[in-house]
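Close look at the chain arrangement
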Amino acid sequence: MAKSDIVSLIESNRIIICCGSGGVGKTTISAALAIKAACLGKRAVVITIDPAKRLATSLGLEALSSTPTDLSERLASALKANNLPALRGKLFAVMPDTAQTFEKFVRSMAGKDEALAHRVLKNSIYKIFAKEFSGANEYMAMEKLHQIATEEAFDLIVLDTPPSANTSAFLEAPDTLAVFFDDRIIKWFIKPGSKLVAAGLKMALEILEKLTGHGFISELIEFATALFELRTQFMINLKTVSDLLHQKEVSFLMVTSPERLSKNDTLEFVSNLSPRGLRFWGFIINRVLSRRIGIENVEKIDLTALGKTVDAADASILLKNFGLLHPALEHEKDATRYLRSISRKNSSVIFVPEQQQDVHSIDSLLNVSQGLS
Amino acid sequence: MTHNADWLSKNIILLMGKGGVGKTTVAQAAARLLASQGKRTLLCEVLSVSGGKHKLEQIAPNLMHIALRSDECFREYIILKLKLKALYTAFLGSKITQYLERAAPGVREMVLLGKIWFERKNFDHIIVDMPSTGYALSMIHTPFNFANLFPGGPIYNDSQEMVKTFSNPNETAFVIVSLAEEMPIQESLEMAENLKQLVPQNPAWLVLNRLIHVSTESKELYQKKGSRLSDKEKLSPLWLALAYLINREVQQSTFIADLQTSWAPYLKPWMEINEASEKNDIERAQVIANSMEGANG
């Protein structure tokens, strides 16, 4: 028998990166993939950033932890309770504290220059930057991935990317962050070359000072200067992380759901990968209602034929009730068509049925994992 | 007594919530309802950092629509502040300014929110379809951060004014749209708590969207026959759909019952919106608008 898409995904990769916008069940799918890998005999780890609390608890993660927590025993007993084959591999999970990772990142870039690290960390602009900047979490996820990959303790790493408004945010994070370290720009602050640049800068800064009040500009210049000193190390880190993502055994997949699918976002993501030299594996469509209610092909729902699957006396009531699912099935039809149309020849589309209950226990995660094939 | 639809009377209505809860449909519905009552209404989309067309368009009588772009908002703000053409042209053209617009933390969020805040005087109601939870929250935090970050000057003053408007329950409504499912409710409660810390005087509103109500005749049929179906009928999508919906309704009512306690600290009653079966998005928004009007009356 040919191997299923999911099995070959797991067997032919060392790193799987799950992207997708918020609310599609990305964390669930990432955890289910790691469980599947552990069942197939791999030492698997899932790195998850900022998951919903209940899901974290179901994975056995009571608090943030930057080192992998061994969940194998928990999984083994869940397998046993469900009369499934015994666990052959191992399952781990990591839930890093991004604020802490960011601080560590700054410290490691500053190296022995503790005064420099201190200057950055206490800067009021940095504080907001680390908390609110939209590329920061994504880049920290990459750093964490790199760290764990370097330890070489696992056969498979599944990265659940941080929640963000658009799927491409993860791919764009290094570029977004690199803007801060753009030395051409930072240089202007420190030593503007020509007189013309200096005059333009002086004017812009004066206006800024008026807009922002006294004191802000000096903080800004200090922040920029400190970044300037960190930039060489940052560029080295950036290169290392980028090299890792480009390795052969790294695949990107997109998790989406019929209700949440945005065509622009999906197209942007898929077309962003190959110019960057990154490998796209395919889509995992989560929470597929039709699969849950026994409809094989959502594009061909024939109500007359459906009416014949039940007692003629009940057909009218049942069909009327079925109407409540129209909007959801309509979305699904549209989503399925679209994803199939943009999938390339060798990429996969996997459907995960809508679950009976919210997924927040290891048993239900196991259920989702069993459904991945 | 506070009514569950009182948020519809506020000037700035910020709709927030996890992705997939139907926030956009609720925003459409609320905007259409207010416009149909003769109120000058702006439906404002904040999809992500950039990406909107930033064009004010009329989509129905009394109803304008705009999808914001942060770079345009930035331009407008600078022009508003600097006034003199020579000054703002030079400033906007400066590389330092372009760098800050792209890179300085919070600037994009601040100008997006600033635009909404500024437009409030031009409309009776501004309905804002906010980005999904995390980003929406950090957006709302920006003026509060800026009011602390800057020692003075116009940005500081504007941040202060925005903080005042957003903290005032008569002017601004934070509306969390949720499904009656465990994870969305959990996230909504976390969001309400976060907002409570930020604007203690202006607790959030809650809208429970897409509630399932299986008809009585369907339920009776299920009770009568559901447990003794033939093998063929057990696999029928029609019976599976009925079982699925009944199960969903039961689960939803459990979560709603839990809200009696968990939502109590936020003091506001929640609004319930039923699942509408119209296939077309605009028709569905209209049905929801009609049901809101019922709730409002």
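Residues numbered from 1 in each chain as written. Chains lettered and ligands numbered in written order. Predicted model: local features only at pLDDT ≥ 70, side-chain atom pairs only at ≥ 80, totals over all residues. Heavy atoms only, no water.

**Notes on the overall build of chain B**
What counts is decided by this rule: The numbering of helices and of strands both runs from the N terminus, where a helix is a DSSP run of H or I of at least 4 residues and a strand a run of E of at least 2. The buried label applies to any residue whose accessible area, calculated with a 1.4 Å probe on protein chains only, is under 20% of its type's maximum; exposed applies above 50%, and partly exposed to all values in between. Here, two residues are considered to be in contact whenever any of their heavy atoms come within 4.5 Å of each other. Residue-level accessible areas treat just the shown protein chains as cover; the underlying method is Shrake-Rupley with a 1.4 Å probe. By the counting rule applied here, Lys and Arg register as positive and Asp and Glu as negative, while His and the ends of each chain are not counted. Working definition for charges: the position is that of NZ of Lys, CZ of Arg, CG of Asp or CD of Glu.
Tallying secondary structure elements over chain B gives twelve helices and eight strands in all. For the C-alpha atoms alone, the extent of chain B along its principal axes is close to 80 × 35 × 35 Å. A buried classification covers 58% of the 297 residues belonging to chain B. A fraction of 71% describes how many contacts in chain B between residues 6 or more apart in sequence connect residues 24 or more apart. Here chain B has roughly 12400 Å² of accessible surface; of this, 53% comes from carbon and sulfur atoms. Considering chain B, the positive charge centre built from 32 side chains and the negative charge centre built from 31 side chains are found 5 Å apart.

**A few points about the layout of surface pockets**
The line we're drawing: Only protein atoms enter the calculation, which uses a 1 Å grid: trapped sets of points that fit a 1.4 Å probe without letting it out are cavities, open sets showing protein on both sides within 12 Å along at least five of seven lines are pockets, and any residue with an atom within 4 Å of a point is a lining residue. Grid points are joined across faces, edges and corners, and a volume is the space filled by probe spheres set on the points.
What the second largest pocket holds in volume is close to 550 Å³. Every residue lining the second largest pocket is counted, 32 residues in all, and those nearest its centre are B:Phe74, B:Tyr77, B:Met110, B:Val111 and B:Ile155.

**Observations concerning the pattern of salt bridges**
One side chain can pair with another of opposite charge once the charged atoms of both are near each other. In plain terms, the rule: Definition used for salt bridges: Asp or Glu carboxyl oxygen within 4 Å of a side-chain nitrogen of Lys or Arg.
Summed over all chains, the structure comprises 29 salt bridges over all chains. Here A:Glu299 makes a salt bridge to A:Arg337, at a shortest N to O gap of 3.2 Å. One end of the pair, A:Glu299, is in the loop between α14 (289-292) and α15 (303-307); the other, A:Arg337, is in helix α17 (residues 326-342), and 38 residues separate them in sequence. The class of A:Glu299 is partly exposed, set by a relative accessible area of 28%. On the basis of relative accessibility, which here comes to 43%, the residue A:Arg337 falls in the partly exposed class. Here the residues in one salt-bridge network are A:Glu259, B:Arg210 and B:Glu275, joined through shared partners.

**Re the packing of helix α13 (residues 263-273) of chain A against α17(A)**
All names here are of chain A. Going by this rule: Note on definitions: angles span 0 to 180 degrees between N-to-C directions of axes, and those axes are lines fitted to C-alpha atoms, for helices only across the stretch in contact. Orientation categories follow fixed angle ranges, with anything under 35 degrees roughly parallel, anything over 145 roughly antiparallel, 65 to 115 roughly perpendicular, and all other angles oblique. Crossing handedness: left-handed means the near helix sits turned counterclockwise from the far one by under a right angle, and right-handed means the same turn made clockwise.
Here α13 crosses α17 at 20°, and the two axes come no closer than 11 Å. The orientation of α13 relative to α17 falls into the category roughly parallel. With respect to the hand of their crossing, α13 and α17 are arranged in right-handed fashion. The segment α13 lies against α17, with Lys263, Thr266, Leu267 and Val270 engaging Asp334, Tyr338, Leu339 and Ile342.

**Details of the state of the cysteines**
Rule in force here: In this description, a disulfide is simply a cysteine sulfur pair whose atoms lie within 2.5 Å.
In total, this model carries zero disulfides over all chains according to the counting rule given. In this structure A:Cys39 is a free cysteine whose sulfur lies 16 Å from that of A:Cys18, the closest cysteine sulfur available. The thiol sulfur of B:Cys44 is not disulfide-bonded, and the nearest other cysteine sulfur, from B:Cys73, lies at 8.0 Å. Overall, the relative accessible area of 2% leaves B:Cys44 in the buried class.

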